[in-house]
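# Fold and geometry: a report
As a plain string of letters, each chain reads:
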Number of protein chains: 2
Amino acid sequence: MSHVLILGGDGYLGWPTAMYFSNRGYDVTVVDNYFRRNACTELDVGMLYPVPTLIERAKIWHEHTGKEIKVVIGDLTDPEIVRSFFRGTIEYTWSVDNTDTGAPDTVIHYAEQPSAPYSLINYKYANITISNNLLVTNNLMFALRDFARDTHVIHIGTMGEYGTPDIDIEEGWLEIEHKGRKDKFLFPRQASSLYHTTKIMDTDLMWFAVRMWDLKITDLMQGPVYGLETENSVIDDRLRTIFNYDEIFGIIINRFIVQAIVNYPLTVYGRGGQTRGYLNINDTLQCVHMSEKTPAEKGELRIFNQVMETFSVNDLAEKTQSVGRKLGYDVKIDHMENPRKEAEEHYYNPTYQGLIDIGVTPHYLTNSVMEEMFQVVEQYKNNIRREVIFRGVKW
Amino acid sequence: MSHVLILGGDGYLGWPTAMYFSNRGYDVTVVDNYFRRNACTELDVGMLYPVPTLIERAKIWHEHTGKEIKVVIGDLTDPEIVRSFFRGTIEYTWSVDNTDTGAPDTVIHYAEQPSAPYSLINYKYANITISNNLLVTNNLMFALRDFARDTHVIHIGTMGEYGTPDIDIEEGWLEIEHKGRKDKFLFPRQASSLYHTTKIMDTDLMWFAVRMWDLKITDLMQGPVYGLETENSVIDDRLRTIFNYDEIFGIIINRFIVQAIVNYPLTVYGRGGQTRGYLNINDTLQCVHMSEKTPAEKGELRIFNQVMETFSVNDLAEKTQSVGRKLGYDVKIDHMENPRKEAEEHYYNPTYQGLIDIGVTPHYLTNSVMEEMFQVVEQYKNNIRREVIFRGVKW
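### Examining helix 10 (residues 313-326) of chain B
Residues lying three or four places apart along an α-helix face the same way, a consequence of the helix completing one turn every 3.6 residues. Residues and elements named next belong to chain B. Here helix 10 contains 14 residues, and its C-alpha end-to-end distance of 20 Å stays within 8% of the 20 Å for a straight helix at 1.5 Å per residue. Buried residues of helix 10: V313, N314, L316, A317, T320, Q321, V323 and G324, and no others. Lining the buried residues of helix 10 we find helix 8 (252-261), strand 10 (266-269), strand 11 (275-280), strand 13 (309-312), strand 14 (333-336) and helix 12 (367-378). Phi turns positive one or two residues past the end of helix 10, at G328, with a value near 95 degrees.

### Details of the sheet that holds strand 5 (residues 152-158) of chain A
Residues and elements named next belong to chain A. Read from one edge of the open sheet, 7 strands run 3-2-1-4-5-8-12, paired in parallel fashion. A strand with exactly one partner marks an edge of an open sheet, and here the two such strands are strand 3 (69-73) and strand 12 (300-306). Ignoring strand direction, the axes of neighbouring strands in this sheet form an average angle of 20 degrees. Packing against the sheet, helix 9 (residues 281-293) makes contact with strand 4 (106-109), strand 5, strand 8 (216-222) and strand 12, and its axis sits at approximately 145 degrees to strand 5.

### A closer look at the pattern of salt bridges
All names here are of chain B. Considering all chains together, one arrives at 43 salt bridges over all chains under this definition. The shortest N-O distance in the salt bridge between D146 and R83 comes to 2.9 Å. Of the two residues, D146 sits in helix 6 (residues 123-147) while R83 sits in helix 4 (residues 79-87), which places them 63 residues apart along the sequence. Residues E161 and R189 are paired through a salt bridge, measuring 3.0 Å at the closest nitrogen-oxygen approach. Separated by 28 residues along the polypeptide, E161 in the loop between strand 5 (152-158) and strand 6 (173-178) and R189 in the loop between strand 7 (181-186) and helix 7 (194-213) bring together distant segments of the chain.

### What to know about the relation of the copies chain A and chain B
At an RMSD of 0.0 Å, chain A and chain B line up after a rotation of 180 degrees and a shift of 0.0 Å along the axis. The symmetry that links the two subunits is that of a two-fold axis. The rotation axis passes nearest to the C-alpha of M201 of chain A in chain A, at a distance of 2.7 Å.

### Thoughts on unusual backbone geometry
Unlike most non-glycine residues, D44 of chain A shows phi in positive territory, near 55 degrees. Secondary-structure assignment places D44 of chain A in the loop between helix 2 (35-43) and helix 3 (54-65). The phi dihedral of Y34 of chain B is positive, around 60 degrees, even though this residue is not glycine. Inspection of the secondary structure assignment puts Y34 of chain B in the loop between strand 2 (27-32) and helix 2 (35-43). The exposure class of Y34 of chain B is buried, given its relative accessible area of 16%.

### Re the interface of chain A and chain B
Taken together, the contacts link 54 residues of chain A with 54 residues of chain B. Summed over both partners, the interface of chain A with chain B comes to about 5,000 Å²; 60% of that surface belongs to carbon and sulfur atoms. Contact with chain B buries surface across chain A, with Y123, R181 and Q190 of chain A losing the most and accounting together for 13% of the total. The interface formed by chain A and chain B holds 5 salt bridges in total. For D166 of chain B, the salt bridge goes to R181 of chain A, with nearest N and O atoms at 3.5 Å. Our count for the contact surface shared by chain A and chain B stands at 22 residue pairs in polar contact (both at pLDDT 80 or more).

### Regarding empty space enclosed by the protein
For the coordinates displayed, the defined rule picks out 5 cavities of 30 Å³ or more. Put simply, the second largest cavity is a space of about 240 Å³. The wall of the second largest cavity is formed by 18 residues, among which P188 and R189 of chain A together with F187, P188 and R189 of chain B lie closest to the centre. Those elements giving two or more residues to the lining of the second largest cavity turn out to be strand 7 (181-186) and helix 7 (194-213) of chain A together with strand 7 and helix 7 of chain B. Its residues placed into classes, the lining of the second largest cavity shows 12 nonpolar, 2 polar and 4 charged.

### What to know about the packing of aromatic side chains
All names here are of chain B. Here the structure, examined in full by the defined rule, presents 26 aromatic pairs over all chains. Pairing Y278 with F311 gives two aromatic rings, centres 6.0 Å apart and planes at 50 degrees, and the pair type is tilted. On the criterion of sequence distance, the pair formed by Y278 in strand 11 and F311 in strand 13 is long-range, its members being 33 residues apart. Each member of the pair, Y278 as well as F311, carries the same accessibility label: buried.

### What about the side chain of H289 of chain B?
Residues and elements named next belong to chain B. Locating H289 in the fold gives a position in helix 9 (residues 281-293). Looking at H289, its side chain comes within polar contact range of the side chain of Y26, at 3.4 Å. Residue contacts for H289: discarding those within four places in its chain leaves Y20, F21, R24 and Y26.

### Focus: the confidence of the model for chain A
When pLDDT is averaged along chain A, the result is 97, and 100% of the positions lie at 70 or above. Across the assembled chains, the prediction reports ipTM 0.97 with pTM 0.98.

### Some words on the pairing of strand 4 of chain A
The side chains of a regular strand alternate, residue by residue, between the two faces of the sheet. All names here are of chain A. Because side chains alternate across strand 4, one face comprises the buried residues T106 and I108, and the other comprises V107 and H109, equally buried. Inspection of the sheet shows strand 1 (residues 3-7) paired to strand 4 by 4 bridges, in the parallel sense. Each residue of the ladder has a partner; that of I6, found in strand 4, is I108. Relative to strand 5, strand 4 runs parallel, the two being bridged by 4 bridges. Each bridged residue has a counterpart across the sheet, and for T106 the counterpart in strand 5 is H152.

### Some points on the sheet that holds strand 11 of chain B
Residues and elements named next belong to chain B. Spatial strand order, 9-11-13: 3 strands in an open sheet with mixed pairing. Edge positions in the open sheet fall to strand 9 (225-226) and strand 13, since each of these has one partner strand only. Where strand 11 lies against strand 13, 4 bridges are found, and the strand directions are antiparallel. From the neighbouring strand, R276 faces strand 13, where its bridge partner is F311.

### Quick notes on the nonpolar core
Counting residues in each nonpolar core, the largest one holds 210 residues, and the members touching the most others are I253 of chain A together with I253 of chain B. One finds W61, I154, L279 and C287 of chain A within the second-largest nonpolar core, a separate group that totals 36 residues.

### Regarding the packing of helix 6 of chain B against helix 7 of chain B
Residues and elements named next belong to chain B. For the pair helix 6 and helix 7, the least separation of the axes is 10 Å and the interaxial angle reads 15 degrees. Here helix 7 runs roughly parallel to helix 6, going by the angle between their axes. With respect to the hand of their crossing, helix 6 and helix 7 are arranged in right-handed fashion. Touching A126, T129, I130, N133, L134, T137, N138, M141, F142 and R145 of helix 6 are L194, Y195, T198, M201, D202, L205, M206, A209 and W213, all from helix 7.

Conventions we followed
- Residues numbered from 1 in each chain as written.
- Chains lettered and ligands numbered in written order.
- Predicted model: local features only at pLDDT ≥ 70, side-chain atom pairs only at ≥ 80, totals over all residues.
- Heavy atoms only, no water.
- Helix = DSSP H or I, 4+ residues; strand = E, 2+ residues; numbered from the N terminus.
- Expected span 1.5 Å × (residues − 1).
- Buried < 20%, exposed > 50% of the residue type's maximum accessible area, 1.4 Å probe, protein only.
- Contact = heavy atoms within 4.5 Å.
- Pairing = 2+ DSSP bridges.
- Axes fitted to C-alpha atoms, helices over the stretch in contact; angles between N-to-C directions.
- Salt bridge = Lys/Arg side-chain N within 4 Å of Asp/Glu carboxyl O.
- Least-squares fit on C-alpha atoms with pLDDT ≥ 70 in both.
- Buried area = accessible area lost by both parts, 1.4 Å probe.
- Polar contact = N/O pair within 3.5 Å; in protein donor to acceptor, adjacent residues only side chain to side chain.
- 1 Å grid on protein atoms, 1.4 Å probe; cavity = no way out; pocket = protein on both sides within 12 Å on 5 of 7 lines; lining within 4 Å.
- Points joined across faces, edges and corners; volume = space filled by probe spheres on them.
- Nonpolar A, V, L, I, M, F, W, Y, C, P; charged D, E, K, R; others polar.
- Phe/Tyr/Trp six-rings, centres within 6.5 Å; stacked < 30°, edge-to-face > 60°.
- pLDDT = per-residue confidence, 0-100.
- Core = buried A, V, L, I, M, F, W, Y, C linked by side-chain atoms within 4.5 Å.
- Parallel < 35°, antiparallel > 145°, perpendicular 65-115°, else oblique.
- Left-handed = near helix turned anticlockwise from the far one by under 90°.

Next comes the structure, spelled out in structure tokens:
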């Protein structure tokens, strides 16, 4: 069976992805250094509920399903650890069967510091973001170059790489005509946070590696993800993914629902016209799976825009308010001074058809989807710490 | 008087720049960690002649001119060292007058690992290149953000960021029309080495910083530089800049002259149609000086293409052969298998007018300029080690 290696397997997307592939019969190996958990501890931003360690989760998964997810706890900025997965020198931290699964057919690369505010807390966090994100990606590129040029990489990029240009956003590429001549280039990128800028750098790096070494890479330009329950987490609450509701690691829709439940006015930055593409965590799983099933060609950097619908911040606040009120919460909206430097009203017209073309069926942010999220979050109402919701990291 | 801080002040361009500004009455501070010298030792690629340490050179300069170039030996990937220049906490390693010159009016940023082959020796050198280049630039951006948003930065980029597109190369920017709408973007970039890719990343990073914090940055997209003698080095041979002739750090024209002198066939990779823009080291000094005199505006990333004329590798080989023969050398040309992955014949039409518009007077690679280079290099003929000329680093 095909072998999938998940870099960043403990994260918000990493663990649900591991279960999703394991459930479908893939050999799955996950690796993580607990960066996210440690950062939450250091910054004192609690999660909604305690989450068992990656090893504990792999054991619970094995108990329920009989399926094995092999675990390596290690720091992927160390090139030797990345290379070990391709050289038969892995040391599993936990596994049922300790024999080496062999080089992966697919690497799913989530192992990046994913927060814009984290990257701008101060110069130290900025440097951590740059070093972590670039070195992990580069270690992966060189491991493929040296050992496994046919392994397919699925990397999570971000729609934030494009920023908010005044032209329509295409899926990764643009043919440009200039002074009577034509060529095809990466779609122009200009991000509004240091984190998002490191993802542009990832793209630069992967595009170099693809051209030089004929690698096979799919880069998924993902918008903000919402949700927490997946088909695999319903079998045991302890298999639920990490859920943050703070300014640093909390994603807007998840965070708004928490705020609604504890009567914390929804924090809309400035005028609230900031528009982005969003998707359900279950669609992230589908997108990654469909990308795995139809890999990029050799020498191809295939780019998809991974969003299912667009909303402004005002749309999301109003939607949360409306669903919250129906459930009996008195939801207020606070248009606060914007701590970020960003356009609060802008043109935004991204294309997102490629993933649907390879078989993804979109889920949308309906009222009932949001109600279900309210119902899960409500169970943990007593865990919510109001003081972590807003920290005011300034751009 | 205006205060100029030169990051990477020991390098091929750094030291001549320090003398050039010092000679014109500027207060000059240089900082370097001897990265280049240490790398040459580690890789066993000798320089053409021994060069006194940065402190020795500053002393020699002071003896001849009475002018002071303050020296800090330190690693700029350490953010505290970068910040010390703006906070009144510098510790000079050498100076005549130990009082703090104060925050610089201009920072000239040369402090990067500058070699394409170095960046591709293996994954370790790739990681060093990424970490060094990105962290130095980021430390500078955050120091400006936190302490000195009006300081003008002059950064040396590279024409290699653009690669060899099939359209004309503009100076940094391009207006793009797409589906009836228009916006202005960074000119598309796609480099052919990991080193050059880190310079694209620098551009991404500086463009982010300029937009967020209204910084003033001039980015000079420089082509390969040739030459060694400047108006200031002629007063004492010990003030000559570092001169490499090896595959790792030697620049093509400098290297070809050395090869011609020791009867080492000129190493043309593949068909030799690779075309680039070149400039004399004395024009680099002019370009940086004119940029300093007409700084970028606040919130402006000003980009100039810093080349004076274009040549193919075949042009350069033939020119070296012709001048060499006139001087009595039997110069051969060897079209060897290309260790790099690059287009050997391609369209190449860069614009380079901006620096001339602000007052730079170009010098060209005439036969007499090349003859003078031969004459200086000949003095050190006995130092030349044939075995360092070609190493065969493969892309």
